[in-house]
Each structure stands twice: as structure tokens, then as C-alpha cells.
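Residue strings, one per chain:
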Amino acid sequence: MDAQSRAVPPWKYVRWDAVVQTESNQFSPIRIIHRVQKIRKLPQMKSESNIKRSAGALMLAVCLGGITSSLPLQAAQSSPYITGFEAPDYTLGNLNGQNSWAVEGSAAVQSAVAFEGVQAVEIGENSAIDIALSASHTEVWIDGWVKTAGSDAPPPLDNMPPRSSLVFFGSSAVQALDGNGTGAGTWVSTELPANASEWLRVSIQQDYATKSWNLFLNGKSQAEALGFKNNDINQLNGFKQVSEGTSYLDAWSITEVGLTQDSDDDILNDLDEVKLHDTDPENPDSDGDGMIDGKEVVAGTDPNSSASVFALLIDPVENSVVSFSTVQGRTYTLQYKNDLSDPTWQNVNDANFVARPGDGQDAHYSEADEAPSRFYRVLISRN
Ligand SMILES: [Ca+2]
Ligand SMILES: [Ca+2]
Ligand SMILES: [Ca+2]
Ligand SMILES: [Ca+2]
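Residues numbered from 1 in each chain as written. Chains lettered and ligands numbered in written order. Predicted model: local features only at pLDDT ≥ 70, side-chain atom pairs only at ≥ 80, totals over all residues.

Undergrad: Just checking my understanding: could you explain the overall build of the protein for this structure?
TA: Helix and strand counts for the protein come out as two helices and 26 strands. Sorting the 383 residues of the protein into buried and exposed places 45% on the buried side. (Helix = DSSP H or I, 4+ residues; strand = E, 2+ residues; numbered from the N terminus. Buried ≥ 20, exposed ≤ 12 C-beta atoms within 10 Å, placed from the backbone.)

Structural data, given as C-alpha cells:
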């Protein structure tokens with residue numbers, strides 16, 4: 001990568017130069033239907049479960065590049081290149097020289113502010129970090145979490161070295177450069193501003209064949225079919241984050257797989273499987289417990305442990321008791337039908353089981369004696 005002149009800039013900005021380059025938690029509530037035919041005087045039994053697919057989860061954007069391969073990127077350092085700036089790979093203090101990162105000005109691995117784990121990079125005022133990573137892949141995803149107050153106006157493009165994509169972290173809106181291929185372009189505003197108090201997931205999808213790129217923020221497509229600033233860039237060469245004020249970077253990666261592919265159709269995209277959940281992007285049920293990876297993530301169970309799975313249990317002794325385990329960060333609503341052919345599910349007549357906050361404990365719902373045989377399901381949503 002080219003080192004950029006550090007003549008004191010008159011403008012305020014944080015930007016990603018790529019040279020290179022987010023769930024996204026946009027799940028709709030999942031519905032897990034458990035058919036619980038009430039049977040009295042039998043030992044506790046695990047109900048038959050019928051897990052419905054949740055529609056529309058993680059549907060992001062059309063993938064311009066039409067990726068067919070989900071093989072991980074063979075980047076310079078590792079495959080794929082994913083780092084959370086954690087020990088022992090990274091030690092607290094100056095980032096310069098650690099794992100091939102270069103620093104202009106000041107940037108340090110610190111533990112006061114982190115998106116995940118306990119460490120992240122803090123980039124000081126009027127400073128930049130960059131890393132040279134080469135990969136010959138036609139399509140590359142650069143993904144990471146950034147925290148910064150942002151700046152008012154994007155930096156001038158004059159005299160800026162050749163770049164493919166540029167993201168400007170504006171205080172009123174993050175902007176993406178729709179380049180003209182010859183060093184200039186137009187800044188396109190997104191829906192989201194830079195935010196000093198919240199981490200923003202930034203994902204860039206680069207296509208070196210078509211010289212175009214797409215920007216996602218917090219897992220959602222924000223700008224598509226943008227042009228490269230310079231069309232003479234034919235492959236990934238590196239990444240740079242330039243900061244006039246203080247900014248942070250964490251959970252950063254370069255991969256071939258991205259947010260727009262769900263190779264195994266388990267409602268988790270390939271990138272999140274590899275990067276966030278350590279699940280198999282080619283296997284919808286990584287731990288083989290019958291609950292697909294995406295459902296486990298929404299339900300808060302462990303997709304890598306077959307001992308962790310969401311289920312409704314019925315205790316038919318005396319009054320029937322319907323039980324299920326809960327986790328913090330999820331809410332649970334217990335619903336029933338007397339007949340599966342009923343068009344609608346009804347919430348049980350107990351406010352404690354409607355939008356019930358999970359607390360890590362089991363929840364037990366007791367039916368009235370006179371209740372008929374019923375079917376139950378639990379709606380689980382992430383807070
Ligand atoms: Ca998947
Ligand atoms: Ca999977
Ligand atoms: Ca599973
Ligand atoms: Ca599991």
C-alpha cells in the first residue's frame with residue numbers, strides 16, 4: 001500500500017481506504033412449534049418438534065459477483081484473515097509492527113474499549129493504520145466493527161493514492177465513494193451516521209473483475225454497484241483506516257465468503273458462520289442436534305453443542321406443565337391452539353408468558369385442569 005502524506009489535513013474524517021475492505025441481527029422472530037398432545041399419567045417426555053423456517057431472515061442484497069465458491073480466502077497471513085486483536089496474537093500497546101500492521105501517528109491495542117473479546121485497536125488523532133494483504137481473488141469481503149464520532153466532510157480526493165473503495169465515516173451519515181475509475185467520484189450517503197457510542201459494522205464487497213463494490217452497514221445493504229476510485233487496481237493489496245479524531249477497529253476480517261451467501265440454507269450467512277459463530281458454512285446443523293445453526297443463534301442455544309438445544313417439555317402429571325429453558329437477551333411468548341387447523345395461535349392466558357424476558361432459568365407454565373389437549377409453540381426473539 002502506498003503511504004499517504006501526513007501533511008496536517010484541514011478536514012476531519014475517519015475513512016476506510018480499500019484497497020480493499022456486517023446480522024446483522026436482523027432476524028425476524030423465529031417460530032418453533034412443538035406439538036404437545038397432552039397425555040396424562042405418563043412420565044416426562046420430550047415433545048416432537050417441528051421447526052418452521054423463518055422467512056426473510058438475513059436476506060441482504062443481490063450478490064453482484066455471483067460467487068459460487070465458498071472456499072475461504074487464501075490471504076497472505078491466514079485463511080481466511082480474521083482478527084479480533086486478541087492475545088496472544090496481539091499484545092497491549094503500539095500496534096505498529098504487530099502482525100504486519102503499520103501505524104502512522106499513534107495506534108495501540110488496548111482493552112478499555114472493545115466490540116468483542118477484551119481488546120481492540122484505538123487509532124489516535126491524525127493517525128492511520130494499514131496492512132498490506134494481497135489476494136488474487138476476484139471477489140473479496142472486508143468486514144469489521146468501527147467506533148468513531150465521525151467527521152463533517154469527506155476528505156478531498158486530490159492527490160490521494162490509487163484506491164478501489166472508500167468509506168467515509170460522516171457524523172451525519174456514513175458515505176461511500178462511487179468512483180469514476182480515474183481517481184474521482186461522487187460520495188453517496190447511507191442511512192446511518194458514524195456513532196461515538198455504538199459500534200458500527202462495516203462490510204465491503206469488492207469485485208475486481210467488474211471494478212465495483214457494495215457497502216453494507218450493520219449487515220444491511222446501503223449502497224450497491226459503486227465504482228472503484230481507480231480502475232487500475234486489479235486485486236486486493238491492503239487496507240487502511242485513516243482517522244482524524246479517535247476511532248476504534250475490532251473484529252476485522254478479509255474473506256472470500258460474505259453476507260450475501262448462505263451456502264447451507266440455515267439462515268446464517270457464510271461470513272457470520274465462519275467469523276462469529278464458528279459453525280460450518282456447509283452444514284446446516286453443525287452439532288447434529290436437529291436444530292439448524294441459525295435457529296440456535298436466534299434461540300441463544302449453542303450451535304456447536306448437541307447438549308444445547310431448544311425444546312418444549314411437557315409434564316403430564318396432575319395439571320400439565322409446559323416447560324422450556326430460557327437465556328438472557330431473548331424474550332419468549334408461549335402460544336397454543338386447540339386444533340392445528342385453527343388459523344391463529346393464541347397467547348396463553350398468563351401475562352408472565354407473553355414477551356417473557358429470558359433469565360437463564362427454566363420457565364414452567366401450568367395448564368388448567370379443564371383445558372383440552374392443545375398444541376403449543378414458543379416465539380423467541382432477540383432483544
Ligand atoms: Ca449458513
Ligand atoms: Ca451452518
Ligand atoms: Ca444444531
Ligand atoms: Ca446445539
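Undergrad: Any chance you could explain the environment of Leu249 here in plain terms?
TA: Examined against the element boundaries, Leu249 turns out to sit in strand S19 (residues 247-255). Under the C-beta neighbour-count criterion, Leu249 is labelled buried, with 27 such atoms within 10 Å. Counting along the chain gives 105 residues from Leu249 to Gly144, while the straight-line C-alpha distance between them is 6.9 Å. If we skip the residues at most four places from it in the chain, Leu249 touches Ala120, Val121, Ile123, Gly144, Val146 and Gln241. (Contact = placed C-beta atoms within 7 Å.)

Undergrad: What am I meant to see in helix H1 (residues 270-277) here?
TA: One turn of the α-helix equals 3.6 residues, which is why residues spaced by three or four share an orientation. The buried count for H1 comes to six of eight residues, which makes it a mostly enclosed element. Where H1 is concerned, the buried positions are Asp270, Leu271, Asp272, Glu273, Val274 and Lys275. The positive-phi residue at the C-terminal boundary of H1 is Asp278, with phi of around 55°.

Undergrad: Where do I start with the nonpolar core in this structure?
TA: Side chains that are nonpolar tend, in soluble globular proteins, to be buried together. Within the largest apolar cluster, 54 residues are counted, with the highest numbers of intra-cluster contacts made by Val121, Val167 and Leu215. Not counting residues up to four positions away in its chain, the partners in contact with Val121 are Phe85, Leu95, Ala107, Val109, Ile129, Tyr248 and Leu249. (Core = buried A, V, L, I, M, F, W, Y, C linked by C-beta atoms within 7 Å.)

Undergrad: Would you mind showing me how to read the pairing of strand S22 (residues 330-337) here?
TA: A regular strand places its side chains on the two faces of the sheet in alternate fashion. In this sheet, strand S26 (residues 375-382) lies alongside S22 in antiparallel orientation, the contact comprising eight bridges. Within the sheet, the bridge partner assigned to Gln335 lies in S26 and is Arg377. Pairing geometry for S22 and strand S24 (residues 356-357), over two bridges, is antiparallel. Looking at S24, one finds that Tyr332 is bridged to Arg356. Where S22 and strand S23 (residues 346-347) come together, two bridges link them in antiparallel fashion. Directly across from Tyr336, in S23, lies its bridge partner Gln346. (Pairing = 2+ DSSP bridges.)

Undergrad: Is there a simple way to explain unusual backbone geometry in this structure?
TA: Most peptide bonds are trans, and most residues other than glycine sit at a negative phi. Cis geometry is adopted by the peptide bond preceding Pro88, which originates at Ala87 and carries an omega value of 0°. Relative to the assigned elements, Pro88 resides in the loop between strand S5 (81-83) and strand S6 (93-94). In this structure, Phe85 is a non-glycine residue whose phi angle is positive, near 60°. With respect to the secondary-structure elements, Phe85 resides in the loop between S5 and S6. Given 28 C-beta atoms within a 10 Å radius, Phe85 is considered buried. Within the chain, Ser100 stands out as a residue other than glycine whose phi angle is a positive 70°.

Undergrad: Looking at this model, I keep getting lost on the environment of Ala209. Mind explaining?
TA: Looking at the element boundaries, Ala209 is found in the loop between strand S15 (200-207) and strand S16 (212-217). Put simply, Ala209 and Asn231 are 22 residues apart on the chain and 9.8 Å apart in space, counted from C-alpha to C-alpha.

Undergrad: Sorry if this is basic, but what is going on with the confidence of the model for the protein here?
TA: Reading fine detail from the predicted coordinates is not recommended where pLDDT is low. Overall, the prediction assigns the protein a mean pLDDT of 79, with 78% of residues at 70 or greater. Every residue in residues 18-79 is under pLDDT 50, and counting partners more than four places away or in other chains gives 181 contacts. (pLDDT = per-residue confidence, 0-100.)

Undergrad: I'm lost on the environment of Ser373 in this one. Help?
TA: Tracing the backbone through its elements, the reader meets Ser373 in the loop between strand S25 (362-366) and S26. With 13 C-beta atoms counted inside 10 Å, the residue Ser373 sits in the partly exposed group. Between the C-alpha atom of Ser373 and that of Asp339, which follows or precedes it by 34 residues, the distance is 8.5 Å.

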